[in-house]
Amino acid sequence: MVSAPPFGGGRTGPWALVPPGTWKMPVPWFLLSLALGRSPMVLSLEKLMGPQDTARCSPGLSCHLWDGDVLCLPGSIVSAPGPVLVPTRLQTELVLRCHQETDCDLCVRVAIHLAVHGHWEEPKDEDKFGIAADPELEEPRNAFLQAQVVLSFQAYPTARCVLLEVQVRAALAQPGQSVGSVVFDCFEAALGAEVRLWSYTQPRYQKELNLTQQLPDCKGLEVRDSIQSCWALPWLSVSADGDDVHLVLDVSEEQHFGLSLYWNQVQGPTKPWWHSNLTGPQNITLNHTDLFPCLCIQVWPLEPDSVRTSLCPFREDPRAHRNLWRAARLRLLPPRGWQLNAPCSLLAEATLCWQAPGGGPCQSLVPPLSRANVTVNKTLQLPLLNAHPNLCVQQVSSWEKLQLQECLWADSLGALKDDMLLVETRGPQDNRSLCALEPSGCTPLLSRASTLQLDGLLSVVPLGDSLPLAWQRAARLGEQLLQDLQSGQCLQLWEDDLRALWACPMDKYVHQRWALVWLACLLLASVLFLLFLFKKDHVKAAPRGRAALLLYSAEDSGFERLVGALASALCQLPLRVAVDLWSRRELSAQGPLAWFHAQRRQTLQDGGVVVLLFSPGAVALCHEWLQDGAAASAPHGPHDAFAASLSCVLPDFLQGRAPGRYVGAYFDGLLHSEAVPALFRSVPVFSLPSQLPDFLGTLQGPAAPRPGRLGERAKQVSRALQPALDQLLQAPGAPGAPGDCTRDGT
């Protein structure tokens, strides 16, 4: 055991803890970086010579650092047998550990503040009556309190744990009071790294302390002459130009460096998005739709043990937060679990709400979900007794109050039901009150006596003059809903000691009320139908749009968005469009081959046309079938209708039945006309959007409008198609994407 000089003695510079013999909190570097802004002044750091770790403690304490690292095993919390020393606070300071004057590494100095936890045992009854106490019972107060303090450090890719033995004379230790601090020198870390610290005792008497901080990079400290890795560090800046973001790397010519774009997730490891080895200088463009608050940029020279500089410039960018919210998805995890999936941490509040059929706002239910921030990508449980299709989870973002809603059981339990949600409130002495949740609020359900009183009031007050419509409905259905609840016809969704939620079906009441109305409507419809049959020779039916079946190879989400944009634009014309994107349920139930046969037969029977959208993947599948026939590879996915359709599309072309039934198309910039197999050129093949007028004229056939009108429609389709095509061409890995244009250093 050794006693160390006071922390900070004999030190100079802005990071010194002065005056000697006293304690002063070091300046946290994350607060310092905020104060310095984008063009910070530089600060000098204290230099420690030699590779040895050391420990020292404040006056009154003795401390010893164990040789070598130890295993990080916190264990479970146990009860203290008496007064013990425990860590209460962590402080950090940056220093330099140097092997030579110009060969240093950044190092984190940690100060652990200690206090006494627990109390001495009360004296026995004999002491209260003046009987002499046993000298052995007084011995603990003259002994030492000793603690084994573990200090854990993590900064990717480094993880260390050191053990410090600390003791203090028991006579100087008062329960709940601080006894001093222990300083550890030091944990080496990379510039710009995120460091995490934990501290606890062995055995552990309380929850461990933890601290997370971000280290500065070469720009914020006066270290370029001391840390060799800063000498040739690539400097990175970010600038905006309209919807585009430019990454400008100020690197000397012919210098090789690595660049990585990744998602820095709080609840898990980082997720790489794009990586490339480049040669400086570089100017890389990102689309605004690629921005997320957790999107970070890391750059480093391609040299052994080089420093990696990280930058996360989009944390406060409104576009990044909007993109994150659009990318978030709610999903149900049976039987009662749910999860919010998003690429970054999302500050959002979750509420359970009731969605009535026919639209309107989803009405919040209180409780069962507390309005607390939700952890993304983590399974949460719904406190429900039974599921219901009208129960939805609603997320409200703290950023611009954006909203996300998902009725989690819509797929498994069917469409929304016309049920009445009853809110039961339980009072003292088994008193209960019920109200029906409606758009206007929660309407009380009246008992038979209250109904009679209200009937008398209704006979005096003209209907609709003073009484709300909701009260009139409550007077009419309150007794029946109470009977349904007592007879067990209502489904209990949730309950606690004070409240409960019930869902009561309303179908029978709706049927009773509207029976005469439906009868009148049927009579009216019959009369109108007879009139229509009588005058059918004098009525000219409106022309039906020609049917068009779109077939494509589902290569990635970007190409599917492009096909969806084309299909939506064609629907605005007098065309009836069928595409597997809009029939995923039928496709999953029937299978791709059966679905295609049914759609092709219906389209051709109606005089329609089958459109083959060629892409690199579609061309590759066609070549496989043309070379291997029936032995070609199976469809690539459960929804790939294009691969399944080749078994009957190819015979039509081989036997000459394709002209008039089929049309081909490909997108500008994704494929050249020569890439389309020669077999399929027996039908017209168009390039989109450059040949849209001819393409639309062929699709609409004899019903095509005059050339001027056809040109206007082509411009409308082109405007709807161009954004999706541009986004696909600019995506990483596609022609024109950042990753594609920078791999060769251009």
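Quick look at the structure, then.

Definitions and cut-offs
- Residues numbered from 1 in each chain as written.
- Predicted model: local features only at pLDDT ≥ 70, side-chain atom pairs only at ≥ 80, totals over all residues.
- Heavy atoms only, no water.
- Core = buried A, V, L, I, M, F, W, Y, C linked by side-chain atoms within 4.5 Å.
- Buried < 20%, exposed > 50% of the residue type's maximum accessible area, 1.4 Å probe, protein only.
- Domains from an automatic or database assignment.
- Contact = heavy atoms within 4.5 Å.
- Salt bridge = Lys/Arg side-chain N within 4 Å of Asp/Glu carboxyl O.
- Helix = DSSP H or I, 4+ residues; strand = E, 2+ residues; numbered from the N terminus.
- Pairing = 2+ DSSP bridges.
- Axes fitted to C-alpha atoms, helices over the stretch in contact; angles between N-to-C directions.
- Disulfide = S-S within 2.5 Å.

### Concerning the nonpolar core
Soluble globular proteins tend to bury their nonpolar side chains together.
Here's step 1: Counting residues in each nonpolar core, the largest one holds 49 residues, and the members touching the most others are L259, L295, L340, L346, W354, L365 and L391.
Here's step 2: Looking at this core, you find at least three residues from each of domain 2 (232-319) and domain 3 (328-406).
Here's step 3: Contact partners of L365, with chain neighbours within four places excluded, come to L352, C353, W354, L391, L421, L437 and L501.
Here's step 4: Counting 42 residues, the second largest nonpolar core, distinct from the first, contains V116, L145, L164 and V182.

### Topic: the pattern of salt bridges
Here's step 1: Using the criterion set out here, one finds 19 salt bridges in the structure.
Here's step 2: Note that R709 and E712 form a salt bridge whose closest N and O atoms lie 3.2 Å from each other. Of the two residues, R709 and E712 are both situated in helix α15 (residues 707-730); the distance of 3 residues between them amounts to about one turn of the helix.
Here's step 3: Overall, R709 belongs to the partly exposed group, its relative accessible area being 33%.

### Comments concerning the sheet that holds strand β2 (residues 54-57)
Here's step 1: Reading across the sheet, the 5 strands line up as β1-β4-β5-β8-β2 and stay open at both edges, with mixed pairing between neighbours. One side of each edge strand has no neighbouring strand; the edge strands of this open sheet are β1 (47-49) and β2. The average angle at which neighbouring strand axes cross in this sheet is 35 degrees, direction not considered.
Here's step 2: Both strand β4 (residues 84-100) and strand β5 (residues 103-117) contribute to a ladder of 15 bridges, which runs antiparallel. Paired with V86 across the bridge in β5 is A115.

### Looking at the sheet that holds strand β16 (residues 295-301)
Here's step 1: If you trace the 4 strands from one edge of the open sheet to the other, you get β14-β13-β16-β17, paired in antiparallel fashion. Only two strands of the sheet have a single neighbouring strand rather than two, namely β14 (271-279) and β17 (309-311). Averaged over all pairs of adjacent strands, the angle between their axes in this sheet comes to 20 degrees, without regard to strand direction.
Here's step 2: Bridge count between strand β13 (residues 256-263) and β16: 7 bridges; the pairing is antiparallel. Residue W263 lies in a different strand from β16, and its bridge partner there is L295.

### Overview of the state of the cysteines
Here's step 1: A full pass over the atoms with the stated rule returns 8 disulfides.
Here's step 2: Paired by a disulfide, C435 and C442 hold their sulfur atoms 2.0 Å apart. One quick way to see it: the torsion about the S-S bond of C435 and C442 is about 75 degrees, and its sign makes the bridge right-handed.
Here's step 3: Judged by relative accessible area, which is 15%, C435 ranks as buried.
Here's step 4: Across the disulfide, C490 is cross-linked to C504 (sulfur-sulfur distance 1.9 Å). Classification of the bridge connecting C490 and C504 rests on its S-S torsion, roughly 110 degrees, and on that basis the disulfide is right-handed. Taken together, the residues span a long stretch of sequence, with C490 in the loop between α7 (469-486) and β28 (491-495) and C504 in strand β29 (residues 499-505) at a distance of 14 residues. Each of the two residues, C490 as well as C504, counts as buried.

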